[in-house]
Each structure stands twice: as C-alpha cells, then as structure tokens.
Amino acid sequence: MPPSATRLNSAADIALEPPERDEQPDSNLAHLLPSIELRNVSFRYAEGEPWILRNANFLIEAGESVAVTGPSGAGKSTLLKIALGLLKPCEGEVLFGAMPVRQLGLANFRRQIGTVMQEDTLLTGSLAENIAFFDVQPDQARLESCAKLAQLHDDIVRMPMGYQTLVGDLGSGLSGGQKQRLLLARAL
Ligand SMILES: Nc1ncnc2c1ncn2[C@@H]1O[C@H](COP(=O)(O)OP(=O)(O)OP(=O)(O)O)[C@@H](O)[C@H]1O
Ligand SMILES: [Mg+2]
C-alpha cells in the first residue's frame, strides 16, 4: 500500500508518515498549457477496501470549467485529490499539459495550481498571514491584489485592525462567506 493511501487520523500519523519523495529537479512549468488528464486511474484507500475509482479517464482542457457532481461519498473529493497529486493513483496516471505529473515532479506541478478544498481551515494568525499562508517574506501588494480578486479586500479594510486582524483560535470570527473568500485569496 503506498504511504499516501493511508488514512491520517492523528498528529502521530502525520509525524510518522514518511516524507513525500519527489526526485525531479526544480523546473518552471509556466510554458505548459494547463490541461489536466486522468488516464485509466483506479484508486482505493487501502487494499481490501472498495475501489473508489476504476479506470477513470477524462481530459480537462486549459480554460475549461468543469463541475463534478454525484452523491455524498461518491468520490468527488478523492478524484480531485488525485488530480492535484495529493493522492497517488493505485493504477494509471495523471497528466498536466500532456506530460505525466510523475515526470514533471510534484513540487513543480503544484506551483502551477491553486485549490480550495472542502476542509481547508484558517490558522491562528492575522488575515495577512492566512492569505499568504505564513510566508516568511509576504508580498503585501500581491496579497492585497489576491484579496481584491477574491472580493475580500473591502471587508478587510473596514475592520479596525485591517490585514492585521487576528483569525483562527485567537481572533474574531469571520462569516462563512468571508472565510471562503479568504481561502480563495490564499489559493490565488
Ligand atoms: N482518507 C480516507 N481513507 C479511507 N476512506 C476514505 C478517505 N477519504 C474518503 N474515504 C471514503 O471514500 C469514499 C469517497 O469519499 P469522498 O470524500 O471522495 O466523497 P465525496 O464525493 O467528496 O463526498 P461529499 O459530497 O460528501 O464531499 C467515501 O466512501 C469515504 O468514506
Ligand atoms: Mg467531498
């Protein structure tokens, strides 16, 4: 069973999970047209567990917007995590710009994508830190332009502490929509 296919339940599981291996050298993939393709992908979380995907094939062309629908538990989040390289397919492969992600390198691939997942959370810190995801050298102009794109900037500047407003365990609450827009700004 690949290490990425285990269910993580506790801090110990995270601490004991072997580090992800990514042996491809750094390279900039900005020249690739950002299509995402799954070829003959099968996936289950562990041996003996039911298959969530069996021989899944699809191609999302650059510029396309695609919605995946299905009942709760059908495998939509699993499918997305595979397409993002967060879970490794048991069979088949994922391609980005018609190149296997395996060859491109996960770190290189991830620099080309941004996501907001169902269970993403805010961490204790300021709005600015949460948007820049605790980057040690945040770029304030970029951060604000992402907050503007996510329609969050105006809400933030209306707060007395602005971008320094604390959120997460320590800070004031945000509305559900503000939280979603913050996660969108972070992804951008
Ligand atoms: N980490 C995991 N380990 C083992 N099984 C899992 C894990 N995550 C999800 N599953 C199982 O895989 C199946 C698909 O789950 P998934 O989260 O992909 O569904 P979903 O379509 O996104 O559902 P929802 O609409 O409720 O978000 C479910 O039966 C779920 O119980
Ligand atoms: Mg889901």
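Sequence order sets the numbering: in each chain, residues are counted from 1 along the sequence as written. Think of it this way: whatever chain is written first is A, whatever ligand is written first is 1, and the rest follow in order. In keeping with the model being predicted, local features are shown solely for residues with a pLDDT of at least 70 and side-chain atom pairs are shown and tallied solely at 80 or more, while totals for entire chains, interfaces and linings include all residues. Only hydrogens and water are removed before side-chain values are computed, so all heavy atoms of the structure are retained for them.

## A closer look at the side chain of S42
Okay, so step 1: Secondary structure is summarised from DSSP: a helix means a run of H or I of at least four residues, a strand means a run of E of at least two, and numbering begins at the N terminus for each. If you trace the backbone, S42 turns up in strand β1 (residues 36-43).
Okay, so step 2: Remark: exposure states derive from per-residue accessible area (1.4 Å probe, protein chains only) relative to the maximum for the residue type, with buried under 20%, exposed over 50%, and partly exposed in between. With a relative accessible area of 0%, S42 lands in the buried category.
Okay, so step 3: Whenever a nitrogen or oxygen atom comes within 3.5 Å of another N or O atom, the pair is scored as a polar contact, on the condition that within protein one atom can donate a hydrogen and the other can accept it, and that pairs from neighbouring residues in sequence are kept only if both atoms are in side chains. Within the structure, S42 has its side chain in polar contact with the side chain of R54 (distance 3.3 Å).

## Side note on the site of ligand 1
Okay, so step 1: Near residues are defined by distance, with any heavy atom within 4 Å of the molecule or strand qualifying the residue. Around ligand 1, the structure places twelve residues, and the nearest of them are S72, G73, K76, S77 and T78.
Okay, so step 2: A distance of 2.6 Å separates an oxygen atom of ligand 1 from a polar side-chain atom of S72.
Okay, so step 3: Between ligand 1 and G73, the relevant distance is 2.8 Å, taken from an oxygen atom to a main-chain nitrogen or oxygen of the residue.
Okay, so step 4: Isolated, ligand 1 exposes 640 Å² of accessible area, and the fraction of that covered by the protein chains is 69%.
Okay, so step 5: Throughout, the ten residues Ala, Val, Leu, Ile, Met, Phe, Trp, Tyr, Cys and Pro are labelled nonpolar, Asp, Glu, Lys and Arg are labelled charged, and all others, Gly among them, are labelled polar. Looking at the shell around ligand 1 residue by residue, the classes come out as four nonpolar, six polar and two charged. With residues, only the protein chains shown are counted as cover, and all accessible areas are computed by Shrake-Rupley using a 1.4 Å probe.

## Regarding the pattern of salt bridges
Okay, so step 1: A pair is scored as a salt bridge if a Lys or Arg side-chain nitrogen falls within 4 Å of a carboxyl oxygen belonging to Asp or Glu. The final tally for this structure, using the stated rule, is seven salt bridges.
Okay, so step 2: Here R181 and D155 are joined by a salt bridge, their closest N and O atoms 3.6 Å apart. Of this pair, R181 sits in helix α8 (residues 176-187) while D155 sits in helix α7 (residues 153-158), and the two are 26 residues apart along the sequence.
Okay, so step 3: Given the relative accessible area of 16%, D155 is considered buried.
Okay, so step 4: Residues joined in a network through salt bridges with shared partners are D155, R158 and R181.

## Description of the coordination of the magnesium ion (ligand 2)
Okay, so step 1: We call an atom a donor if it is N, O or S and sits within 2.8 Å of the metal, or 3.2 Å for Na, K and Ca. Water is not counted, so some sites may look partial. Protein coordination of the magnesium ion (ligand 2) is provided by S77 (OG) and Q118 (OE1), with donor distances spanning 2.0 to 2.3 Å. One end of the pair, S77, is in helix α2 (residues 76-83); the other, Q118, is in the loop between α4 (106-110) and β5 (125-126), with 41 residues separating them in the sequence.
Okay, so step 2: With a relative accessible area of 28%, S77 lands in the partly exposed category.
Okay, so step 3: For Q118, a relative accessible area of 71% puts it in the exposed group.

## Topic: the domain arrangement of the chain
Okay, so step 1: Delimitation of the domains relies on an automatic or database domain assignment. Domain boundaries assigned for the chain yield domain 1 (3-110) and domain 2 (125-187).
Okay, so step 2: Measuring from the centre of the C-alpha atoms in domain 1 to the corresponding centre in domain 2 gives 28 Å.

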